[in-house]
Every structure is written in C-alpha cells, then in structure tokens.
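Spelled out, the chains give:
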Amino acid sequence: MKNYLLILLMMFPLLSHSAISRKPSNNVLKIGMTQEFENMNPIIKQMMATSYIYEMVGRTLVVLDEKGKWIPQLVKKYPTLENGLAKMYTEKGVKKIKVQWEMKDLASWGDGTPVTGYDVEFSHKIALSKNISVGETEVYAQVEKIIVDKKNPKKFTFIYEKAKWSFNQLATFQIVPKHLESAVFDKFGKDKEGYSKNSIYSVNPTHPGLYNGPYKIQEIKLGSHVTLVPNPTFYGKAPKIQKIILKLIPNTGTLEANLRSGNIDMISILGLTLDQAISLDKKLKKEKSSHRVNFKQGLIYEHIDLQLSNPILKDINVRKALVHSINRQKLTQALFEGKQTPALHNVAPIDTWFTKDPKKVVVYKYSRRKAKKLLDKAGWKMGKDGYRHKDGKKLGFQLMTTSGNKLRELVEVYLQEEWKKIGVEISIKNEPPRVYFGETVKKSKFPAMAMFAWISSPENTPRSTFHSKSIPTDKNGYSGQNAPRWKNKSVDKLIDEIDVTFDSDKRKELVHKVLYHYTNEVPVIPLYYRSDISVTPKNLVGYKLTGHQFSSGNHVEGWELK
Amino acid sequence: MGNYITRRLFQMVLVLILLSFVCYGLMSLMPGDPLDIMISSNPKITSEDIVRLKAVYGLDQPMYMRYWAWLTDILSGDFGYSRTYKVPTTTILVPRLFNTFVLTMTALILSLMISIPIGIISALKKGSKFDYFTNLLAFAGISIPSFFLAIILIIIFAVWLEWFPAGGTESVGEASLTGMAYAKDRIHYLVLPVVSLMVLQIGTFVRYTRSAMMEVLGQDYIRTARAKGIKQNKIVYLHALKNALIPLITVISISFSFIFSGAIITETIFAYQGVGRLVYDSIMGNDYNVAMIAFIISIAMVLIMNLVADILYAVVDPRISYK
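These numbers come from a predicted model, not from an experiment.

We now examine the overall build of chain B. Of the regular secondary structure elements, chain B holds 13 helices and 0 strands. Of the regular secondary structure in chain B, the N- to C-terminal order runs α-α-α-α-α-α-α-α-α-α-α-α-α. The burial tally for chain B puts 49% of its 323 residues in the buried class. The contacts of chain B with a sequence gap of at least 6 include a subset with a gap of at least 24, amounting to 75%. For chain B, the accessible surface area stands at approximately 15700 Å², while carbon and sulfur atoms represent 70% of it. Here chain B contributes 25 positively and 19 negatively charged side chains, and the mean placements of these two sets differ by 17 Å.

Let us now look at the pairing of strand E20 (residues 524–537) of chain A. Residues and elements named next belong to chain A. For E20, the tally of buried residues reaches 13 of 14 residues, placing the bulk of the element in the interior. Where strand E12 (residues 291–306) lies against E20, 12 bridges are found, and the strand directions are antiparallel. The residue bridging Asn294 from the neighbouring strand is Ser534, located in E20. As judged from the 2 bridges shared by strand E13 (residues 341–342) and E20, these two strands associate in the antiparallel manner. Bridging across to E20, Pro342 finds its partner in Tyr528.

Right, let's talk about the domain arrangement of chain B for a bit. Residues and elements named next belong to chain B. Here chain B is described as being made up of domain 1 (2–87) and domain 2 (89–316). Here the C-alpha centroids of domain 1 and domain 2 sit 32 Å apart. Each partner contributes to the roughly 2600 Å² buried at the junction of domain 1 and domain 2, and carbon and sulfur atoms together form 72% of this total. Here Asp310 makes a salt bridge to Arg8, at a shortest N to O gap of 2.5 Å. Counting the contacts that link domain 1 with domain 2 gives 11 residue pairs in polar contact (both at pLDDT 80 or more). Listed by contribution, the elements that provide at least two residues to the side of domain 1 that touches domain 2 are helix H1 (2–29) and helix H4 (63–75). The leading source of residues in the side of domain 1 that touches domain 2 is H1, at 13 residues. Its residues placed into classes, the side of domain 1 that touches domain 2 shows 19 nonpolar, 6 polar and 4 charged.

Each side of the interface is counted separately: chain A has 65 residues, and chain B has 54 residues. For the pairing of chain A and chain B, the buried interface totals around 5200 Å² over both sides, and the portion due to carbon and sulfur atoms is 60%. Linking chain A with chain B are 3 salt bridges, by the criterion used here. Linking Arg96 of chain B and Glu36 of chain A is a salt bridge whose minimum nitrogen-to-oxygen distance equals 4.0 Å. Here chain A and chain B share 12 residue pairs in polar contact (both at pLDDT 80 or more) between them. Contributions of two or more residues to the side of chain A that touches chain B are made by helix H1 (2–16), helix H6 (194–198), strand E8 (215–221), strand E9 (225–230), strand E10 (244–248), helix H8 (255–260), helix H14 (433–441) and strand E19 (449–454) of chain A. Considering each element in turn, the side of chain A that touches chain B owes the most residues, 6 residues, to H14 of chain A. When its residues are assigned to classes, the side of chain A that touches chain B shows 23 nonpolar, 25 polar and 17 charged.

Residues Glu82, Asp503, Asp505 and Glu509 of chain A make up a contiguous surface patch of negative charge. Secondary-structure assignment places Glu509 of chain A in helix H17 (residues 504–521).

Below, the discussion takes up a nonpolar patch on the surface. Nonpolar side chains collect at one region of the surface, where Val15, Leu18, Leu19, Val22, Leu26 and Leu29 of chain B lie side by side and expose about 550 Å² of accessible area between them. With respect to the helices and strands, the residue Val15 of chain B is situated in helix H1.

The next subject is helix H16 (residues 489–499) of chain A. Each turn of an α-helix holds 3.6 residues, which means side chains three or four residues apart point in the same direction. Residues and elements named next belong to chain A. If you check which residues of H16 are buried, you get Val491, Asp492, Leu494, Ile495, Ile498 and Asp499. Seen along its axis, H16 keeps its buried residues to an arc of 165°; they face one direction. The exposed set on the far side of H16, more than 90 degrees from its buried face, consists of Lys489 and Lys493. Where H16 is buried, its residues touch helix H15 (463–466) and H17. Its side-chain oxygen 2.9 Å from the backbone nitrogen of Ser490, Asn488 forms the N-cap of H16.

The subject of this paragraph is the nonpolar core. Counting residues in each nonpolar core, the largest one holds 196 residues, and the members touching the most others are Leu61, Phe158, Phe173, Phe397, Trp419 and Trp559 of chain A. Element by element, the count of residues in this core is highest for helix H13 (residues 288–316) of chain B, at 10 residues.

Attention now moves to the pattern of salt bridges. Under the defined criterion, the tally for this structure stands at 33 salt bridges over all chains. Of the charged contacts in the structure, one is a salt bridge between Arg260 of chain A and Glu256 of chain A, with a shortest N-O distance of 2.9 Å. Here the residue Arg260 of chain A and the residue Glu256 of chain A both occupy positions in helix H8, the gap between them amounting to 4 residues, near one helical turn. Across the pair, Glu256 of chain A and Arg260 of chain A agree in class, each one buried. One salt bridge connects Arg186 of chain B with Glu170 of chain B, and the closest N-O pair in it is separated by 3.8 Å. One end of the pair, Arg186 of chain B, is in helix H8 (residues 179–217); the other, Glu170 of chain B, is in the loop between helix H7 (146–160) and H8, with 16 residues separating them in the sequence. Glu170 of chain B matches Arg186 of chain B in its accessibility class, with the two residues each being buried.

Another aspect to go through is the domain arrangement of chain A. Residue and element names in this part refer to chain A. Split by domain assignment, chain A resolves into domain 1 (26–59 + 207–295 + 534–561), domain 2 (62–181) and domain 3 (298–530). For the pair domain 1 and domain 2, the two sides together bury roughly 2300 Å², of which 62% comes from carbon and sulfur. Looking only at domain 1, the three residues that lose the most surface to domain 2 are Ile43, Tyr235 and Phe550, adding up to 32% of its buried area. At the junction of domain 1 with domain 2, the criterion picks out 1 salt bridge. In this structure, Lys544 and Glu66 form a salt bridge, with 3.7 Å as the shortest nitrogen-oxygen distance. For the pair domain 1 and domain 2, the number of links is 8 residue pairs in polar contact (both at pLDDT 80 or more). Grouping the constituent residues of the side of domain 1 that touches domain 2 by class yields 10 nonpolar, 11 polar and 3 charged.

Attention now goes to the packing of H1 of chain B against H4 of chain B. All names here are of chain B. Orientation of H1 relative to H4, taken along the N-to-C sense of each, is 130°, at an axis distance of 10 Å. The angle between H1 and H4 falls in the class oblique. H4 is crossed by H1, and the crossing has right-handed handedness. Within the contact between the two elements, H1 uses Ile17, Ser20, Phe21, Tyr24, Gly25 and Ser28 and H4 uses Met63, Arg66, Tyr67 and Trp70.

The rules we used
- Residues numbered from 1 in each chain as written.
- Chains lettered and ligands numbered in written order.
- Predicted model: local features only at pLDDT ≥ 70, side-chain atom pairs only at ≥ 80, totals over all residues.
- Heavy atoms only, no water.
- Helix = DSSP H or I, 4+ residues; strand = E, 2+ residues; numbered from the N terminus.
- Buried < 20%, exposed > 50% of the residue type's maximum accessible area, 1.4 Å probe, protein only.
- Contact = heavy atoms within 4.5 Å.
- Areas by Shrake-Rupley, 256 points an atom, 1.4 Å probe, with all protein chains shown as cover.
- Lys, Arg positive; Asp, Glu negative; His and termini not counted.
- Charge placed at Lys NZ, Arg CZ, Asp CG, Glu CD.
- Pairing = 2+ DSSP bridges.
- Domains from an automatic or database assignment.
- Buried area = accessible area lost by both parts, 1.4 Å probe.
- Salt bridge = Lys/Arg side-chain N within 4 Å of Asp/Glu carboxyl O.
- Polar contact = N/O pair within 3.5 Å; in protein donor to acceptor, adjacent residues only side chain to side chain.
- Nonpolar A, V, L, I, M, F, W, Y, C, P; charged D, E, K, R; others polar.
- Patch = residues over 30% accessible without salt bridge, like charges linked within 9 Å, V, L, I, M, F, W, Y side chains within 5 Å.
- Arc of directions from axis to C-beta.
- Core = buried A, V, L, I, M, F, W, Y, C linked by side-chain atoms within 4.5 Å.
- Axes fitted to C-alpha atoms, helices over the stretch in contact; angles between N-to-C directions.
- Parallel < 35°, antiparallel > 145°, perpendicular 65-115°, else oblique.
- Left-handed = near helix turned anticlockwise from the far one by under 90°.

Structure, rendered in structure tokens:
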C-alpha cells in the first residue's frame, strides 16, 4: 500500500504537466471564466462576466478601444466639438451641449429591425425608471432630452443637462430594442422590478432580436454556460469563429486542468489569479505548448489609504518616510515577476493623463536613508528594540486588507519587513471583503492603513476619491470614497475646473496639478497597477487585451483561429 | 401513530417559520452589503445610486417588514426575484436543486449499496485481512479532504486518461441530446463528482454498519440462534441486520436530509451546477429570495427525515411505539 501511495505521489507532478497540444479551429472556441453571469439585459446587468459576454453580442454607441482611443460602434462618427457634431450653447444662463448622432445604415437587431434613435430614446427612459435596478445612472441622467429625427430615425440629438467635457464617453449607455421591449415596459414598468422580471432578456433570452453585435445567443444556462453563434444581420465584418462557448468554472484551481483536458480552449480575463498565471506561463513556455499566457498592464490601482485623522499620520514627514522606504520596483519583481507595474499615483500608464515627469509629480525614489531622516525630523527616534519612539509611544500602525487574498497578504508581509527596517512596527488585521468594504473602508473606520484597489476608467476625474465633499461621514450617509479624509482646497477647485474644461491639453495640465498635490501630500501610498491576464491558443489571431473595463469582446469579430 | 404524525407535522410548520425568521434575521445582520461594496470598487457609482437601488430591493425597510413581505409573498405562491441573477427565483433554483438531487442521491444510493454489504462482511470476518483492509480504506475515505480527492480525480481521469470531463453538468454546444444519449451524457459528467462524494460516504457507512453488526452479533439471542442450528444467512440477514438497522437509520436519515443542501466543494471544483454554490453566493450577495428558499428546503428536509427516522424505528423495532 505504502508503495502504491509513493508511486501516486511521484506521478502527481507528471500528471499536472501533461502538455497542451490542442489547436482549436474556427468551428468552436470554448472560453473558461470563473465569475458568474446574470440576465443579459444590458441596462440592468451589473456583473463583470455579463459585460464580458454582452460585448460579443451587443454594441453601444461608442467604445474605448485597446489603444485607449474612443471610437464609434453603432454610430457613424464619434461626436466632438472639433468635428461639429457637438455644439455648446447657453440656455437660461446654463452652458449646455447638443450632440448629433447617426446610426450606421446597416446597424440592426438580430431579427432584421434597424437600430434607431427610438431604441436609444426608449433605453434612456427605462434606465431612468425608479422601478429598475440600474447600477450606474449618471451616464443616462446627464442626457436631459433625446430628439429623434422623424424623417430619418437613424439620426437623433442628445441635449445634455450641463456642459461637461466627457459628454461623448458613453460606452456604458446601453441600448435595448424598443420594438420588443416597449410592450413589456408599458405593461410592467410601474411595478418594482416588473420590467426586469418580464423583460424578453429574462423570459426568452435567445430571441435574436435582442442582440445587435457580431454574435447572438443560441443557448444560455445561468451558472453554466452561454453559447454564441454569428449574427447574420451584424453591420460589421462577419465573425470567423462559428461558435463560442463561454463556460463557468467557479474554481480557479481547476481552470488549468480544464484547459489541459480540452474542456476549454482559452481562459478569459475573468479567470486566473496573477500567481497562477505566472506559474502557468512558465510551464507553458517550458512545454512549448500550443497556448500562451497574455499579460497587459491595466487601470486597476492597488494602493494603501492612509487615515489622515490618525495623529501620527497627520505628520507629512511620516507619510513621506513610509513611501520612501518601499522599494516598489523590487516588490513587483519579487512578488509578481515584473508582470505588474509599480504605481506612482492613481493614473495608470495606459491612461492618456499619465505622467511621471518629476517636474509635474513628486516621485519618491526608494531611499531608506531619506526615510530615516524624515522620521528623525518628525521626532521619532530609534530605540534599542529596533523601533522608533516619541513621547514614550512606539511608532506603529495597523495595516488592513481583505482576508483570503493571497497576493495582498504577501504584499502585507513584504511591507511589514520593509517598514521594520526604518523602525516602524506594522500589525496586520484583515477582514472578509464584505466587512472590509461594507463597513471599514466605506465608513473610513480603519485606524491607520487600508490596502485595496480602485477600478477606474481612462480619463476619470477623481471627484469621488479626492474631493473633500467625498469624505464619507455619518451626515452624508457615507457617500464618496475619499476614505483617507484628504482635504485640499486647491484640489477641490481643480476638480471642479476639470469637469468644465473642454480643451484636452488644458485639462491634462489641470489633472497634473491635482497629481502634484496628491503625490506631494501622500494621502495614499501607491503600490502597483494590476494587469489583465488571459490564456489563449497560439493560433488565435486578432485577439487583443485592453487593460480597461471594455474588454476584448468588443473586437471579437476580428478573432480567427488559424 | 396518526395523532403523533399530525402533531409532529404541526410542530414542523412552527419550527420552519421560526427558523426562517432566524435565518432572515442573521442574513440581515451580516455587516456590509454588496451594494455598499459596489461603491468601493466603482468610483462612478454614486451614493444616490445606492440609495435608489436599496429602495428598489426594499433594503431601506426594517428587517421585520422585509421578512413579513417575503413571508406573505411565499404563502401566496410568489417565490420572488433573484437580485443577483435578475431572473425569477424558481428559474435559477429549480434546475440547480434537480442537479444536486441527482448528484447527492446517486452518490448516497451507490454508497449504501456498496458499504452495507462490506460493513456486514467486515463484521462477520472481524480481525481478518479483509477487515483490516476495509478499515484502512474506510479511514482513508473519511480522512481524505474532498477538494484534494476531487483534484486527484480530475488529474488522473480527465487530464491524463481523458476518460471523463474535468467539469460541467452536461455537454454544451452540441446538438440537443435526447433520451438515452442524454442520460449517457449526464452519467459521463456525473461519474467523477459522484465518486468524489462516495469515497467519504462509503467510509462512514462501512464503519457504522460494521460496528452496529458487531454489537448485535455478540448478543445472546444470536448465540441462541446459532445454538439452535439456524443457518448463518438467516441469522445475519433476519436477526442481526434487522436489529443493527436502528443506528444505521439515524445515519442514513441524516444523510438524506442533506440531499438538497448541495455539496459546495465538490460542485465548485467540478463546475457542477448544483445548489450548494448558488446558496453560498446568494448568502454573500444578500440575495434573500434564493437563499431563503434554499434554507427552507434544507430545514424542511431535516425535519421530514427526522420524522421518517422516528417512524422507521417503530417499524423496525416493535418495542418502540408512539402515542
């Protein structure tokens, strides 16, 4: 028996290294993902996996491409002030914007009905209904009125409530078919969630008329899979892959086994964790496998919020010392093998607003000597126990993050060691995500340091995270995400100015001024920008990771298995 | 007996209502809400959005009012709407309950069919090589962590030998299967998760059967039966097994109580669309309608199986009677 067990244990690594040599063809591509998806109604969807799938079957007016450029999808042209499709005017003293849109001639729903301004007008009405659970409504609410050209319903005009520079960034403005959904909304729209329950997306999700993208849904089983087949009425290039099956595999640990056994051909961005991806990448390269692991720097910003109401952290010298003493380059190299980039501030390098110019932002080079000097200056003297003391008090902080997140726990240990070297004691307290985000971070209850990430989009005004009005308090019902409680009047003013600055260069200048204050005052310790990860067959061409929330599904018609 | 059953059924309804209130209350007391978590991860979601969403979901109401609304809806036959999946609760729950039932019932029945004879033989051949070997396997089955066994099974039978799929419930993307072809396909996907569940169950049932049988086989009436020259088979199956059944009924009824509760680890690792993972996600997502229906079914199953066990005790042992 003992011998059998020994043999089995010896075989284990061999089995897990069974090389992948399958090459999927254009007949079918099976994609694995670990996150659940919901009803495909684009207006009420909230899950990331649903967005990932929906981008293959439905299109919006405009979208951000993989290069970070805004491009038209359903419409002929991307409207700007420069090309004359958007015009500013003043009404009763309020600056407003009027935007002309025109749908592509061939843009139609899967049942052949053209996509028109009436669909857009109807979707706007649904999204702003009080009885429907739409997550983010600002994108719809900013549009005061939609006027459809009766002679040519492909043409329509948006009248915006206020003139804001980001008026044309409407990738989350979703459209549903009026010819199918209006009867449902008229009948059930007055009841709470009546429309959501009875929408055709809920009761007959394979109806071709619900989708206007390159694919349509052939089969959907919540909690299991979605099967997509080409949509013959798609306005663009006909997709090459004849069937895409998106399978839910909830356990990240078995994704690799599913890939090796041929149960899936590809792992989506909603799959492997970074440590798993790094390990699989090495194995696949060693095996000279038919698959590759793709990494792309993303917008997700991992950082530590500092509690500025903490009497020790109120001292800017202490905060600067903490940043100076972290070797972020070494951290990302040691823990992520350089697959994630050290962060300087909240704006990621793939964002057009990014800068690392030391004239514009304060760049903290790793220097333990500088850190020690700053702490000495702040009055914290090194004691015999290896920690610093002041007025009989030890220099120490509590570092918090989400429990069960292996990578974050590793980062905590790394930081604990780094800060110990300059005489700062770190105690770790982690909480389940639900408690951590629902209570501790939301109500800014952490005593000193809270590590987590912000999911952002390019050119995102940091109003909810930097503006002093966004400090969560009992009075404002804990609205806003300025958890460090950072107050800077100049930053508040700059943020207000950014919203109404239409000149992109000038806007960038204002953003850089905000970043200067942010990096100079250190309300937050930047750590690293997370990367998007996927595993694809090497014979898949035309696939591009985007690094932002509008995924590779937006160019799925260009995928081909050669 | 009739009065006893009626009384127990009445008690069951009271316990069910009481526990449903406790479960609802506990879910409400959990700190944080997924809606609050949304605001932490997406800077574009405003606090006004959260206030509006809470009103749509009724989360702005006190707990007792929400519970009352839920209870009256349930009693009127409206099982509600899943906040997570945005479909009626029954649409998501019923197929999952069926899948879990198929998985756990198959594993349970097969485990009983294998473990009871092995337990009996082991008790009859106490101290033999067979007994030692059976004990070793039973302890191994009880001790091996289910996630580890599941991964081993996937590596050997899905990755290496490619006999069975690594995960899923049925073939997808193929032309719709019907009749025997469909049954064969489902069985193909069931094998690994069923084996993974059976290993633990067989170990447990073998140990119970063996100890119950050994205790009975040492009783005076068995010795008397042997002295009277009654055949071994008759002694074992008529006299010994019948008396050994009482502790087994308890264990088996407890096992049957959980057939709708799901096997969360097995279901997750094998990407099997059962109810276990769904309930976990529903609790974490405060998806009250889905979680509460699953709770009610689980509680009801425990109560029903307890009643069934009590009735069976009386059937197996005439000395037990209920008034």
